[in-house]
Amino acid sequence: MARFDTKDDSVIVIIGSGAGGGTLANELCQKGFKVVLLEAGKRQSPATFHNDEWAAFKQLAWLDKRTTSGSWRIAKDFPNLPAWTCQTVGGTTVHWAGASLRLQEHEFKAKTTYSGVTGANLLDWPISLSDLKPYYAKAEDKMGVTRTNDIPGLPGNNNFKVMYNGATRVGYKTVHTGRMAINSRPRDDRSSCWQLGFCFQGCKSGAKWSTLYTEIPKADKTGKLDLRSEVRALQIQHDKNGKATGVLYADKDGKQSVQKARAVCVACNSIESARLLLNSADSTYPHGLANSSGQVGKNYMRHTTGSVYATFKQPVHMYRGTVMAGIITDEAELNTKRGFAGGFEMETISLGLPFSAAFLNPGAWGRDYTRILDQFINMAGMWIVGEDMPQESNAVTLHPTEKDQFGLPIPNVHYDDHPNDLAMREYAFKRGAAVYEAVGAVQTIAVPPYPSTHNLGTCRMSEKPGEGVCNGWGQTHDLKNLFISDGSQFTTSAGENPTLTIVTLAIRQADYIAAESAKKNI
Amino acid sequence: MKRREFLQKSALVVAGAAAVASGVAVVGYADEGKWTAGLKTLKAHEGETLLKMARQIYPHERLADVYYEKVVADLDAEAAKAPDIAKLLQEGVATLDRSSAKEFAQLSSDDQVAALKRIEDSPFFQKVRGSELVSLYNNHEVWKEFGYQGASYPIGGYLHHGFDDLKWLPDPPESASPKPA
């Protein structure tokens, strides 16, 4: 591992080592840039991961205190845990399930396509699908996405068998084991999938793509990567000319340092990215860095989600095998006849007994609830992931009084479900139940959203500087050497799992940084 | 102190902390005589009351008392380390006993449920429920009772251990679900 001096202002500092930051670090190192990668969490490995839901949660999850407000049920059930993301090297790519779907053309033009959704702060992306196509191809190759690059699909597990039979019986046409960044054959020095059933807990076989054991070691091999784990970025600093100059951070013993930088890239996942910019406020930028638009933290999106589980007379053992290798895409297409804007995917999901008890109806107790858990091995499950409407009032803000261990305000996450989100969820619950009823479900259970894993939009891309935080390259409108490199950039949420697009944007951003650097603009 | 307050406010995180605190080992409380003899901080009556309460919160006929006794033993272990938890549990039991004509443990099952319903938003109830959620459902012996197999890494995954053994529905075509490598 390289070690660069904190005064070396030729390095690029990237904050966060997940899908955006970890990928960007490797791409920049491959181009010869020196990169300092700051990561809040510890380094784990497939050998240290746990095939155990609670133990893994404790090992990997971001557990720093946050507060919540708004009408979403998360604020009641998990008031201090709005998001289920990771604090570890590799970020949430350690926890993600691997579903790798491209956004659709019309989803980049949400304002134009869904014109007139009251209360939604819709905007078209400043980029289109054609801008991303070559980069999507690079990302799919990098990540080894099944059903691309001649990589076969994964074999379906029992949970998929139930989904497939139900889906085809109700008339759905596109049902398969998905486009997954999980090896169906050995590839890129990683094994094929063992069907462990613990995708969310860190993949012990290494078959699932994670920056932890792909991008980061590849970057390290160039001799250009200085990964500093267990450090906390506190503030991005700048000069009088509107350029970012470095990052103030604390190491695990609390010692504070400033790492100088030629450019700073923020990839802390949507809650912390916005919080860091807001916490970087000073007399020059009293409302936070890169926030002349006032949009930092605003338009927080988390996808319209929910799950449908069903019990059957015979065993399913849904927890065996790849968690999310199963998809119905029919409802994701543009279809304005259902009474709501946007589309959704239906994907297999499973939980073990411990998390089924915790999540199937958070807070529930008594016999009606335990009768469902009694059917655990006879249960199948699917997750709904759909486009949610951006709202300016759905926002990450700084808590007025509560501070973290560094004396910085903790984030509050406010989310009200938009009527469009509610209409989509209700419709999706019914369609999911219909799938299972078609194959003899005894009971179907509509399960409310889990803490958010898809956190999007708090530093959104916009054509006009007044409408968002960064341009189509993730470059902030206000400081030309400050970049947003994670899902915070998303102008709208689209209906697809976001990781593939985050990786795609990071590859593209690296090209842009290299080009601007060559022109001496950065 | 702030950290502790925070943990107490979030049921999920409380549960996570409890999971780590209790691990999966079964506490050796049942070695002789009544199981309550192994309690360190809670009195026998408090233990018995919490046992009845735990059975009503997550009732499973297939589970013997021993699994719920472990829930109480885990609460007792927490109480031994944290006086505020001990106080919460002891006062909670006393309040519960006073809330009906008879002591909670003497009530009919329906009356026990009704009594719990009245206090379900209280910190006492939420503490017991949150700890039980982990202590009960993260107990590997309980997993066996439910047929949940848990970790598959030691056997090389479910690839050769039933990940696709469902026979009561037709197999999807290979275009939808290719054969394993």
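Structure: above.
Residues numbered from 1 in each chain as written. Chains lettered and ligands numbered in written order. Predicted model: local features only at pLDDT ≥ 70, side-chain atom pairs only at ≥ 80, totals over all residues.

Student: Lay out the overall build of chain B with the relevant residues and their values.
Tutor: Within chain B, the secondary structure is distributed over eight helices and zero strands. Reading chain B from its N end, one meets helices and strands in the order α-α-α-α-α-α-α-α. Relative to all contacts within chain B whose residues are 6 or more apart in sequence, the contacts with residues 24 or more apart total 65%. (Helix = DSSP H or I, 4+ residues; strand = E, 2+ residues; numbered from the N terminus. Contact = placed C-beta atoms within 7 Å.)

Student: Would you mind going over helix H5 (residues 83-98) of chain B in detail, with residue names and values included?
Tutor: All names here are of chain B. Between its first and last C-alpha, H5 extends 22 Å over 16 residues, near the 22 Å set by a 1.5 Å rise per residue. Three or more residues of H5 are buried, namely Ile85, Leu88, Leu89, Gly92, Val93 and Leu96. One face of H5 carries all of its buried residues, which in axial projection span an arc of 125 degrees. Set apart from the buried face of H5 by more than 90 degrees, the exposed residues are Pro83, Asp84, Lys87, Glu91 and Arg98. The elements touched by buried residues of H5 are helix H3 (44-57), helix H4 (65-81), helix H6 (109-118) and helix H7 (123-137). (Expected span 1.5 Å × (residues − 1). Buried ≥ 20, exposed ≤ 12 C-beta atoms within 10 Å, placed from the backbone. Arc of directions from axis to C-beta.)

Student: Give a detailed account of the sheet that holds strand S7 (residues 244-250) of chain A, specifying residues and quantitative values.
Tutor: Strand pairing in a sheet is mediated by backbone hydrogen bonds. Such pairs are either parallel or antiparallel. Residues and elements named next belong to chain A. Strand order in this open sheet of three strands is S6-S7-S8, and the pairing throughout is antiparallel. Pairing within the sheet leaves two strands with one partner each, and these edge strands are strand S6 (232-238) and strand S8 (256-260). This sheet shows a mean twist of 25 degrees between the axes of neighbouring strands, independent of strand direction. Of the pairings in the sheet, the one linking S7 to S8 comprises five bridges and is antiparallel in character. Bridged to Leu248 within S8 is Val258. (Pairing = 2+ DSSP bridges. Axes fitted to C-alpha atoms, helices over the stretch in contact; angles between N-to-C directions.)

Student: Tell me about the packing of H3(B) against H6(B), residues and numbers included.
Tutor: Residue and element names in this part refer to chain B. Running from N to C, H3 and H6 cross one another at 85 degrees; their axes reach a closest spacing of 10 Å. The orientation of H3 with respect to H6, classified from their angle, is roughly perpendicular. Contact residues: H3 offers Lys52, Met53 and Gln56, while H6 offers Gln112, Val113 and Leu116. Of the residues contributing to the contact of H3 with H6, the split by class is three nonpolar, two polar and one charged. (Parallel < 35°, antiparallel > 145°, perpendicular 65-115°, else oblique. Nonpolar A, V, L, I, M, F, W, Y, C, P; charged D, E, K, R; others polar.)

Student: Describe the interface of chain B and chain A, listing the residues and the values that go with them.
Tutor: Between chain B and chain A, the residue contacts involve 47 residues of the former and 54 residues of the latter. For the side of chain B that touches chain A, the secondary-structure elements that each account for two or more residues are helix H1 (2-9), helix H2 (11-22), H7 and helix H8 (140-146) of chain B. Here the side of chain B that touches chain A gets six residues from one element, more than from any other, and that element is H2(B). Looking at side-chain class alone, the side of chain B that touches chain A contains 30 nonpolar, eleven polar and six charged residues.

Student: Help me get a handle on the sheet that holds strand S5 (residues 225-228) of chain A, residues and values and all.
Tutor: Residues and elements named next belong to chain A. Strand order in this open sheet of five strands is S5-S2-S1-S9-S17, and the pairing throughout is parallel. Each edge of the sheet is formed by a strand with only one pairing partner; in this case those strands are S5 and strand S17 (482-484). Between one strand axis and the next, the sheet turns through 15 degrees on average, direction left out of account. As defined by bridge partners, strand S1 (residues 12-15) adjoins strand S2 (residues 35-38) across four bridges and the pair is classed as parallel.

Student: Describe unusual backbone geometry, listing the residues and the values that go with them.
Tutor: All names here are of chain A. At Asp150, a position not held by glycine, the phi torsion is positive, near 60 degrees. Assignment of secondary structure puts Asp150 in the loop between helix H5 (129-143) and helix H6 (158-169). The class for Asp150 is exposed, based on 6 C-beta atoms found within 10 Å. Unlike most non-glycine residues, Asp188 shows phi in positive territory, near 55 degrees.

Student: Go over the environment of A:Ala139, please, and point to the residues and values.
Tutor: Residues and elements named next belong to chain A. Locating Ala139 in the fold gives a position in helix H5. On the neighbour-count criterion, Ala139 (28 C-beta atoms within 10 Å) is buried. Once residues within four sequence positions are removed from consideration, Ala139 is found in contact with Leu500, Val503, Thr504 and Ile507.

Student: Mind laying out the environment of A:Asp251, listing which residues take part and the relevant values?
Tutor: Residues and elements named next belong to chain A. Within the fold, Asp251 resides in the loop between S7 and S8. The exposure class assigned to Asp251 is partly exposed, which follows from the 13 C-beta atoms found within 10 Å. Sequence separation between Asp251 and Ile502 is 251 residues, and the spatial gap between their C-alpha atoms is 27 Å. Asp251 has contacts with Glu230 and Val231, leaving out every residue within four places of it along the chain.

Student: Could you give me a rundown of the environment of A:Pro362, with the residues and numbers involved?
Tutor: Residues and elements named next belong to chain A. Residue placement: Pro362 occurs in the loop between helix H9 (353-359) and helix H10 (367-373). Note on Pro362: 19 C-beta atoms within 10 Å, which makes it partly exposed. The spatial distance from the C-alpha of Pro362 to the C-alpha of Val447 is 9.0 Å, given a sequence separation of 85 residues.

Student: Tell me about the pairing of strand S10 (residues 304-311) of chain A, and please be specific about residues and values.
Tutor: Where a strand is regular, its side chains alternate between the two sheet faces. All names here are of chain A. When you tally the buried positions in S10, you get eight out of eight residues, the bulk of the element. What you see with S10 is no split at all: Thr304, Gly306, Val308 and Ala310 on one side and Thr305, Ser307, Tyr309 and Thr311 on the other are buried throughout. Pairing of S10 with strand S13 (residues 379-386) involves eight bridges; the strand directions are antiparallel. By the bridge assignment, Ser307 is partnered in S13 with Trp383. Where S10 meets strand S16 (residues 443-447), five bridges bridge the pair, whose relative direction is antiparallel.

Student: I'd love a proper account of the packing of H5(A) against helix H12 (residues 499-518) of chain A, names of residues and values included.
Tutor: All names here are of chain A. For the pair H5 and H12, interaxial distance at closest approach is 8 Å and the crossing angle is 110 degrees. For the element pair H5 / H12, the angle class is roughly perpendicular. By crossing handedness, the relation of H5 to H12 is classed as right-handed. On H12, the residues touching Leu132, Tyr135, Tyr136, Lys138, Ala139 and Met143 of H5 are Leu500, Val503, Thr504, Ile507 and Arg508. Per-class residue counts for the contact of H5 with H12 are eight nonpolar, one polar and two charged. (Left-handed = near helix turned anticlockwise from the far one by under 90°.)

Coordinates in, geometry out; function isn't part of it.
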